[in-house]
Amino acid sequence: MLLAILLAASTGLVAWHIRQPGTPGPLLRNVVVLWVLFAAAIIMLRAAAVIVLRGIRRPAIVVLLGAAVLQIAALSAPPHGSDDSYRYVWDGRVQAAGIDPYRYSPTEPELAALRDDFLFPDDATCAQRDRPPGCTRMNHPDARTIYPPVAQAYFTAVHLVSFGHPLKALQVAGALLSFFVTGLLVRSSGPWRAALWGWCPTVALEIGNDAHVDVLGALLVLIGLSLAGRRRLASAGIILGAAVAVKLLPVLVLPAAVRRGQGSPWREVAQRRTWILPGAALATVALVYLPHLLAVGTDVLGFLPGYLQEEGLHGSSRYALLAAVLPDEAARVTAVLVLAAVAVLAWWRADPRAPEAAAGWTAVVAFLVLVPEYPWYALLVVALAARTGRWEWLAVALAGYPVALSQGLPTTFAETRAIAYTVALLVVVAVPSASALRRPVSRGGSCR
């Protein structure tokens, strides 16, 4: 009964939150309450799963129903926390018109015939939204698209079945993919682990409401890692390559997925079988980019170079935790070395039958090094946390919200980012350390 009340409260708060004005302080409080309700619901579900003695049918149904109602609540209003989905709508429209999405930016005259009042409001609507005349709902309207080809195919497919409601179609498609991930996790990992994904506030807010394409990448990563664990290396490489061609972040899981045998890791670098999975992944990325490369040449990179500069990957501010203790140049160099070391360690030490744990650690460390400010990026971490049961990794997903809504806090953006991800780091380190301390120490035989 109490579990039903917690889920009902979460569902109601999601529906209410996405209808509120964009005031950072109250929005952050809503998100914190959502995470408290989520944590309480997970604890109760875990206890119920232990009590149940006859199978997992009832807990599984509860998890699936909870995931469904949260997604329905999330898609009951237009996107609230991000305007990325408007660019998805535009890219799908452009490609459906037979124009390569990397050829032109939305404001170029060659695409004027595709503009409408939905994405390009009239001057009166712009004034109501405190925007200058000629505004658009899209971000970076003067830049070519940044989204890779598999994401573009997804946008186009949703556009073709949108029946004149492209934004709602994207929300529904995202919610369906999210629910499918929940079902996949119920089957592969059990109900309470599936709830770490299906009931997570990040999943509800960033998929059902904001319709972020990252859900497709997370789904492909889970499928690809599962195939890698079953020695289906070529298939795994194709699926993981497709995930990278949705969003670049899934590249983080590739080192853990590369299967090794029992010999020396350095000797195996030269072995043919070691390169099946990364070779298939690279070939997949190359093949999906090839038609666009032939059509537009180097413009296929779109806004990616501008995005990398905008995100400050060349500066120490991007590496907030390292920059707090190291000089600028040392922080940048250390960041590169840490990421490289974690990738090598994941490849070397990953369990070839279950690479999800090493993949998750690689992603978590990358997030703690790069400290992203967009909460939806962490959907990859949420999926891997659910697959492995490492609930402490969800602290990384929670850290993105005070950073994204830092205007409502007394601290500066840089201070907020450093504090939020420091707390996440402490949680990620403390939970397994506490578990290790509680684990009984085996004693050797006594001397006689």
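Our structure's up above, just so we're on the same page.
Scoring rules and cut-offs
Residues numbered from 1 in each chain as written. Predicted model: local features only at pLDDT ≥ 70, side-chain atom pairs only at ≥ 80, totals over all residues. Heavy atoms only, no water. Helix = DSSP H or I, 4+ residues; strand = E, 2+ residues; numbered from the N terminus. Rg over C-alpha atoms; globule rule 2.2 N^0.38 Å. Buried < 20%, exposed > 50% of the residue type's maximum accessible area, 1.4 Å probe, protein only. Lys, Arg positive; Asp, Glu negative; His and termini not counted. Charge placed at Lys NZ, Arg CZ, Asp CG, Glu CD. Contact = heavy atoms within 4.5 Å. Disulfide = S-S within 2.5 Å. Salt bridge = Lys/Arg side-chain N within 4 Å of Asp/Glu carboxyl O. Core = buried A, V, L, I, M, F, W, Y, C linked by side-chain atoms within 4.5 Å. Polar contact = N/O pair within 3.5 Å; in protein donor to acceptor, adjacent residues only side chain to side chain. Phe/Tyr/Trp six-rings, centres within 6.5 Å; stacked < 30°, edge-to-face > 60°. Expected span 1.5 Å × (residues − 1). Patch = residues over 30% accessible without salt bridge, like charges linked within 9 Å, V, L, I, M, F, W, Y side chains within 5 Å. Areas by Shrake-Rupley, 256 points an atom, 1.4 Å probe, with all protein chains shown as cover. Axes fitted to C-alpha atoms, helices over the stretch in contact; angles between N-to-C directions. Parallel < 35°, antiparallel > 145°, perpendicular 65-115°, else oblique. Left-handed = near helix turned anticlockwise from the far one by under 90°. Nonpolar A, V, L, I, M, F, W, Y, C, P; charged D, E, K, R; others polar.

Participant: Explain the overall build of the chain to me, and be specific about the residues and the numbers.
Facilitator: The secondary structure content of the chain amounts to 21 helices and zero strands. Its C-alpha atoms give the chain a radius of gyration of 23 Å, near enough to 22 Å, the size a compact globule of 448 residues would have. Relative to its full complement of 448 residues, the chain shows a buried share of 50%. Across the chain, 37 positive and 26 negative side-chain charges occur, with their mean positions spaced 20 Å apart.

Participant: Describe the environment of Leu 394, and please don't skip the residues or the numbers.
Facilitator: Along the polypeptide, Leu 394 turns up in helix α20 (residues 394-404). With a relative accessible area of 5%, Leu 394 lands in the buried category. Beyond its immediate chain neighbours, meaning those up to four positions away, Leu 394 contacts Trp 35, Phe 38, Leu 196, Val 382 and Ala 385.

Participant: Hey, could you go over the state of the cysteines for me, with residue numbers and the actual values?
Facilitator: A disulfide bridge is the covalent bond that connects two cysteines by way of their sulfur atoms. Applying the stated criterion across every chain yields a total of one disulfide. With its sulfur 2.0 Å from that of its partner, Cys 126 forms a disulfide with Cys 135. Measuring handedness by torsion sign, the sulfur bridge of Cys 126 and Cys 135 sits at about -95 degrees and is left-handed. In this pair, the class of Cys 126 matches that of Cys 135, namely buried.

Participant: Just give me the short version of the pattern of salt bridges, but keep the residues and values in it.
Facilitator: Under the definition given, this model contains eight salt bridges. Two residues, Arg 93 and Asp 116, come together in a salt bridge whose shortest N-O distance is 2.9 Å. In this pair, Arg 93 sits in helix α4 (residues 84-96) while Asp 116 sits in the loop between α4 and α5 (123-128), placing the two residues 23 residues apart along the sequence. The buried category is assigned to Arg 93, whose relative accessible area is 12%.

Participant: Quick one: what's the story with the nonpolar core, residue by residue and with numbers?
Facilitator: Nonpolar side chains in soluble globular proteins generally cluster together in the buried interior. Grouped together as the largest cluster of nonpolar side chains are 125 residues, with contacts concentrated most on Tyr 154, Trp 197, Trp 199, Leu 384 and Val 396. In contact with Leu 384, not counting residues within four places along its chain, are Val 221, Leu 225, Val 253, Glu 356, Ala 359, Gly 360, Ala 363 and Trp 393. Tyr 319, Leu 322, Ala 331 and Val 369 belong to the second-largest nonpolar core, a separate cluster that totals five residues.

Participant: Tell me what's going on with the side chain of Asp 214, and back it up with residues and numbers.
Facilitator: Within the fold, Asp 214 resides in helix α10 (residues 214-229). We classify Asp 214 as buried; its relative accessible area is 7%. A polar atom in the side chain of Asp 214 sits 3.0 Å from the side chain of Lys 247. Look past the residues within four positions of Asp 214 in its chain and what remains in contact with it is Lys 247, Trp 376, Tyr 377 and Leu 379.

Participant: Hey, could you go over the packing of aromatic side chains for me, with residue numbers and the actual values?
Facilitator: Here the structure, examined in full by the defined rule, presents 11 aromatic pairs. Ring plane angle 85 degrees and centroid distance 6.2 Å describe the contact between Trp 376 and Tyr 377, whose orientation is recorded as edge-to-face. Exposure remark for Tyr 377: the relative accessible area of 16% places this residue in the buried category. A network of ring pairs unites the aromatic residues Tyr 88, Tyr 147, Tyr 154 and Phe 155 as a single cluster.

Participant: Kindly report on helix α7 (residues 166-189), identifying the contributing residues and their values.
Facilitator: When the terminal C-alpha atoms of α7 are compared, their 34 Å separation across 24 residues agrees well with the 34 Å that a helix rising 1.5 Å per residue should span. Residue Gly 190 follows α7 closely and has a positive phi angle near 100 degrees.

Participant: Any chance you could break down a nonpolar patch on the surface for me, citing the residues and the numbers?
Facilitator: A contiguous nonpolar surface patch, about 420 Å² in accessible area, is contributed by Leu 287, Leu 290, Leu 293 and Leu 294. Along the chain, Leu 294 falls in helix α14 (residues 276-296). Relative accessible area serves as the criterion here: at 69%, Leu 294 is assigned to the exposed category.

Participant: Explain the packing of helix α18 (residues 356-370) against helix α21 (residues 413-438) residue by residue, including any values.
Facilitator: Contact geometry of α18 with α21 gives a least axis separation of 10 Å together with a crossing angle of 150 degrees. It follows that α18 is roughly antiparallel to α21 by the angle criterion. Two packed elements cross with a definite hand, and for α18 against α21 that hand is left-handed. Each of Trp 361, Val 364, Phe 367 and Leu 368 in α18 lies in contact with α21, whose residues at this interface are Tyr 421, Ala 424, Leu 425 and Val 428. Classifying every residue of the contact of α18 with α21 by side-chain character gives eight nonpolar, no polar and no charged.

Participant: Quick rundown of unusual backbone geometry? Include the residues and the values.
Facilitator: Despite not being glycine, His 140 has its phi angle at roughly 50 degrees, a positive value. Residue placement: His 140 occurs in the loop between α5 and α6 (149-160). A positive phi angle, close to 50 degrees, is found at Phe 163, a residue other than glycine. Summarising the element assignment, Phe 163 is placed in the loop between α6 and α7. Classification of Phe 163 as exposed rests on a relative accessible area of 75%.

Participant: So what about the side chain of Arg 87? Which residues, and what values?
Facilitator: Looking at the element boundaries, Arg 87 is found in helix α4. A distance of 2.8 Å separates a polar side-chain atom of Arg 87 from the backbone oxygen of Ala 143. Ignoring any residue separated from it by four or fewer positions in sequence, one finds Arg 87 in contact with Pro 106, Met 138, Asn 139, His 140, Pro 141, Ala 143, Arg 144, Thr 145 and Tyr 147.

Participant: Would you mind going over the packing of α4 against α7 in detail, with residue names and values included?
Facilitator: Where α4 meets α7, the axes come as close as 9 Å, and the angle between the chain directions of the two elements is 110 degrees. Judged on the interaxial angle alone, α7 and α4 are roughly perpendicular. Contact residues: Ser 85, Tyr 86, Tyr 88 and Val 89 in α4; Pro 166, Leu 167 and Leu 170 in α7. Residues that form the contact of α4 with α7 fall into these classes: six nonpolar, one polar and no charged.

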